[in-house]
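In case you want the letters, here they are:
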Amino acid sequence: MLAGGRVTIDLGALAANYRMLVALAAPAEAAVTIKADAYGLGAAECAPALWRVGARSFFVALASEGVALRRILPKASIYILHGVTAGSAGALAAHDLIPVLGSPEMIALWRQRGQGAPCGLHVDTGMNRLGLTLDEAKALAADGLRGLNAVLLMSHFACADDPDHLKNASQIESFNVAKRLFPQLKSSLQNSAGVFLGNRVHADVARLGIALYGGEAVNDMANPMLPVVTAEAEIMMVRDAKAGETVSYGATQVLARDTRIAVCSVGYADGYHRAGSGAGVPLRGTGRAGGHGWIAGRRVPILGRITMDQTMFDITDLPDGAVRAGDFIELFGPNIALDEAARAAGTIGYEMLTSLGRRYARHHVGD
Ligand SMILES: *Cc1c(COP(=O)(O)O)cnc(C)c1O
């Protein structure tokens, strides 16, 4: 292979996940969040696949992402979560993109430059990221949304991945106050984790993200979604080392036994985070295990530090000849869950996906 690894994106699994979430989100509309190039999986392929199974509303972060998506989906409703800036107002209107206005400044700008085109309103209920305060929302409502063609009222959960977190109830309560200010608008509150909160939330549009792409939405719950992404690295060579020798930079991994090592051609430059190393990085000082790969039907641990372009695995426990140069080792996918690989690196599935490097050979299958 020319590339060091391959990423396979299963559009059939993506579609199946969408259908599962449609059922869970009902009666709310299942809109999809396709920002950051569909969480790193390729908006050009994922967006049409989701359109074909019925998705009609798409959320992206940036105006640039909206412009690119408009070329792919001429008829979709495309919402821009970052709203409008002085530099993006013209492009939003020209490409029929719907900014979600999240500050008084954005509202003033869209009144001036939006030419009466549709917009969304973001009310903050506890993130302190984007969104109007409830007081600002009240003022806007008292003003009768003058000069705005608002079509959607949204807010965003801070803690929906923890269903027992008290913040969920307070955010739902604040959102209900906001909804009463704008009873004519469609409402949208839930992300993926939010739809797992069940009938506690009453809103018209769910904004699905990570669960679509196979990631864990809710902590400490068996993940019901199908894996969508498989990341694999090519094995370049197999080598034998003696007990007492060390592996990789810093010589932090001292071999306790004679060890057979598989060297693969993916490293942290590909988004296989160095923090997931087998030894010699701060997270491993905690005594927790590093990351694992899957090859020849077995889990195998990472040895020593992950380097820029290579990672070493301990394959001593596999039968002789089970691993050869040219084989592929799974970094995450059906056997090593995305979120397990993420946890080993001290991060979350979202970051693993959006960090997937450009050097992988990419294949979209199952369409
Ligand atoms: C990213 C994002 C979502 C989707 O969240 P998931 O947890 O991936 O389902 C929804 N709404 C907003 C405002 C977001 O930023």
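The numbers attached to residues start from 1 for each chain and follow its sequence in the written order. Since the coordinates come from a predicted model, pLDDT governs what is reported: local features require at least 70, and pairs of side-chain atoms require 80 or more to be given and counted, while whole-chain, interface and lining totals use all residues. Neither water nor hydrogens contribute to the side-chain values; these are computed over all heavy atoms in the structure.

### What about the site of the ligand?
It suffices for a single heavy atom of a residue to lie within 4 Å of a molecule or strand for the residue to be listed as near it. Taken together, 13 residues lie around the ligand, and Lys-35, Tyr-39, Ser-192, Ile-210 and Tyr-350 are the ones closest in. Here a polar contact is taken to be a pair of N or O atoms separated by no more than 3.5 Å, where protein atoms must pair a possible hydrogen donor with a possible acceptor and residues adjacent in sequence count only if both atoms sit in side chains. Contact distances for the ligand include 3.3 Å between an oxygen atom and a side-chain N or O atom of Arg-129. Contacts to the ligand include Ile-210, whose backbone N or O atom sits 2.7 Å from an oxygen atom. Calculation on the ligand without its partners gives an accessible area of 380 Å², and the protein chains cover 93% of this total. All residues other than Ala, Val, Leu, Ile, Met, Phe, Trp, Tyr, Cys, Pro, Asp, Glu, Lys and Arg, Gly among them, are scored as polar; the first ten of these are nonpolar and the last four charged. Taken together, the residues of the shell around the ligand break down into five nonpolar, five polar and three charged. The Shrake-Rupley method, run with a 1.4 Å probe, gives the accessible areas here. Residue values count only the displayed protein chains as cover.

### With respect to the side chain of Thr-347
The numbering of helices and of strands both runs from the N terminus, where a helix is a DSSP run of H or I of at least 4 residues and a strand a run of E of at least 2. Locating Thr-347 in the fold gives a position in the loop between helix 10 (338–344) and helix 11 (349–354). Residue contacts for Thr-347: discarding those within four places in its chain leaves His-273, Ala-342 and Met-352. It only takes one pair of heavy atoms within 4.5 Å for two residues to be counted as in contact.

### Some details on the pairing of strand 17 (residues 328–332)
Three labels apply to residues, based on accessible area from a 1.4 Å probe with only protein chains included: buried if under 20% of the type maximum, exposed if over 50%, partly exposed otherwise in between. Here strand 17 lies mainly inside the structure; five of its five residues are buried. At least two DSSP bridges between two strands are required for those strands to pair. The pairing of strand 10 (residues 229–241) with strand 17 spans four bridges and is antiparallel. Across the sheet, Ala-233 pairs through a bridge with Ile-329, a residue of strand 17.

### Some thoughts on the nonpolar core
Ranked by internal contacts, the top residues of the largest apolar core, which has 98 residues, are Ile-34, Phe-58 and Leu-121. Domain boundaries shown here were taken from an automatic or database domain assignment. Counting only domains with at least three residues in this core, you end up with domain 1 (11–208) and domain 2 (229–365). We call a set of buried Ala, Val, Leu, Ile, Met, Phe, Trp, Tyr and Cys residues a nonpolar core when their side-chain atoms join them within 4.5 Å. Counting residues in each nonpolar core, the second largest holds nine residues, with Ala-31, Phe-59, Leu-81 and Val-205 among its members.

### Overview of the packing of helix 1 (residues 11–25) against helix 3 (residues 43–52)
Axis definition: a line fitted to C-alpha atoms, limited for helices to the stretch in contact. Angles are taken between N-to-C directions and run from 0 to 180 degrees. Two numbers describe how helix 1 lies on helix 3: the axes approach to 10 Å, and their chain directions differ by 45°. With respect to helix 3, the element helix 1 is oriented oblique. Handedness of the helix 1/helix 3 crossing: right-handed. Contacts from Leu-11, Leu-14 and Tyr-18 of helix 1 reach helix 3 at Glu-45, Cys-46, Ala-49 and Leu-50. Taken together, the residues of the contact of helix 1 with helix 3 break down into six nonpolar, no polar and one charged. Under this scheme an angle from 65 to 115 degrees is roughly perpendicular, one under 35 degrees roughly parallel, and one over 145 degrees roughly antiparallel; angles in between are oblique. In a left-handed crossing the near helix is turned counterclockwise from the far helix by less than a right angle, and in a right-handed crossing that turn is clockwise.

### Side note on the packing of aromatic side chains
Geometry of aromatic contacts follows a simple scheme: Phe, Tyr and Trp rings, the Trp one being its six-membered ring, pair when their centres are within 6.5 Å, and the pair is stacked under 30 degrees between planes, edge-to-face over 60, tilted otherwise. Per the stated rule, a full pass over the model turns up three aromatic pairs. With a centroid separation of 4.7 Å and an interplanar angle of 35°, the aromatic rings of Tyr-39 and Tyr-213 are classed as tilted. In this pair, Tyr-39 sits in helix 2 (residues 35–39) while Tyr-213 sits in the loop between strand 9 (205–208) and strand 10, placing the two residues 174 residues apart along the sequence. For the pair Tyr-39 and Tyr-213, a shared accessibility class is recorded, and that class is buried. Clustering of aromatic rings is evident, with ring pairs tying together Tyr-39, Tyr-213 and Tyr-350.

### Some thoughts on the domain arrangement of the chain
Domain annotation of the chain identifies domain 1 (11–208) and domain 2 (229–365). Listed per partner, the contact involves nine residues of domain 1 and nine residues of domain 2. What counts as buried area is the accessible surface, traced by a 1.4 Å probe, that two parts surrender upon association, with contributions from both included. With both chains or domains summed, domain 1 and domain 2 bury close to 710 Å², and 59% of this area falls on carbon and sulfur atoms. Put simply, a salt bridge is a Lys or Arg side-chain nitrogen that is within 4 Å of an Asp or Glu carboxyl oxygen. On inspection of domain 1 and its partner domain 2, the count reaches zero salt bridges. For the pair domain 1 and domain 2, the interface holds three residue pairs in polar contact (both at pLDDT 80 or more).

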